[in-house]
Amino acid sequence: MAIQALSQQNFQQTVTSNHIVLVDFWAEWCGWCTRFAPVYRASAETHPQIVHGTVDGDTERELIAAVQLTGYPTIMAFREGLPVYSHAGFLTSAQLEDVVQQVLWMDMDEFRRQAAEGLRQHAAENRPPAEEQAPAAEEYAAAAPAQQAHRAGLAAGRPQYGWPGLRTR
């Protein structure tokens, strides 16, 4: 499968409608990006079942801001619409292949469980003192775990995913 150029207009659709998507965020002026390009092309040829996309950081500034990119090149992996891997910096062929294999074989049920637990833990750590809590806080704490996961956006089924600040046109 050929490498797809991704933009603000097609990024979310591509990520959510394909099982696994690798995205290379790059810039023309980035020397490491030009060194990484052949490694990424080889991965696309080796794994045609995985969508390989690229985002040009110089032309897609809003998308770069939405994903909170910290450097070039950056590789992000998405599986079933969820971001499961992100790395800023050059990867060798062997390192990229290791990432691909980990994404291919990861246990998504376990990943979702850990993500839901992390959200619950984060909510508990950032909860205001009891006297400042709204009356609904007790109801939320007493809710079934599945209901809490649903409120966190991790409900069963195919939820809608997207990046904060990402607008589709």
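Residues numbered from 1 in each chain as written. Predicted model: local features only at pLDDT ≥ 70, side-chain atom pairs only at ≥ 80, totals over all residues. Heavy atoms only, no water.

Draft legend 1. Layout of the overall build of the protein. Each helix and strand counted, the protein has seven helices and five strands in total. The 169 residues of the protein split such that 36% are buried. Of the contacts formed within the protein by residues at least 6 apart in sequence, a portion of 75% connects residues at least 24 apart. When the accessible surface of the protein is split by element, carbon and sulfur atoms take 54% of a total near 9,900 Å². (Helix = DSSP H or I, 4+ residues; strand = E, 2+ residues; numbered from the N terminus. Buried < 20%, exposed > 50% of the residue type's maximum accessible area, 1.4 Å probe, protein only. Contact = heavy atoms within 4.5 Å. Areas by Shrake-Rupley, 256 points an atom, 1.4 Å probe, with all protein chains shown as cover.)

Draft legend 2. Structural view of the pattern of salt bridges. Scanning all chains against the criterion turns up four salt bridges. Note that Arg113 is salt-bridged to Glu110, the shortest N-O span being 2.6 Å. Remark: Glu110 and Arg113 occur in helix H5 (residues 108–125); sequence separation between them is three residues, near one turn of the helix. Residue Glu110 is classed as partly exposed on the basis of its relative accessible area, which comes to 30%. A salt bridge links Glu117 to Arg120; its shortest N-O distance comes to 3.4 Å. Here Glu117 and its partner Arg120 are both found in helix H5, three residues apart, which amounts to about one turn of the helix. (Salt bridge = Lys/Arg side-chain N within 4 Å of Asp/Glu carboxyl O.)

Draft legend 3. The environment of Glu60, seen in detail. Of note, Glu60 is situated in the loop between strand E3 (51–56) and helix H3 (61–66). A C-alpha to C-alpha distance of 6.3 Å links Glu60 and Ser7, two positions 53 residues apart in sequence.

Draft legend 4. Representation of helix H2 (residues 31–46). If you check H2, its first and last C-alpha atoms are 24 Å apart, about what 16 residues at 1.5 Å a residue would give, namely 22 Å. Along its length, H2 reaches its greatest deviation from straightness, about 30°, at Ala37, and the proline Pro38 lies no more than four positions downstream. All of the buried residues along H2 are Cys33, Phe36, Val39, Tyr40, Ser43 and Ala44. (Expected span 1.5 Å × (residues − 1). Bend = angle between axes of the 7 residues up to and from the residue.)

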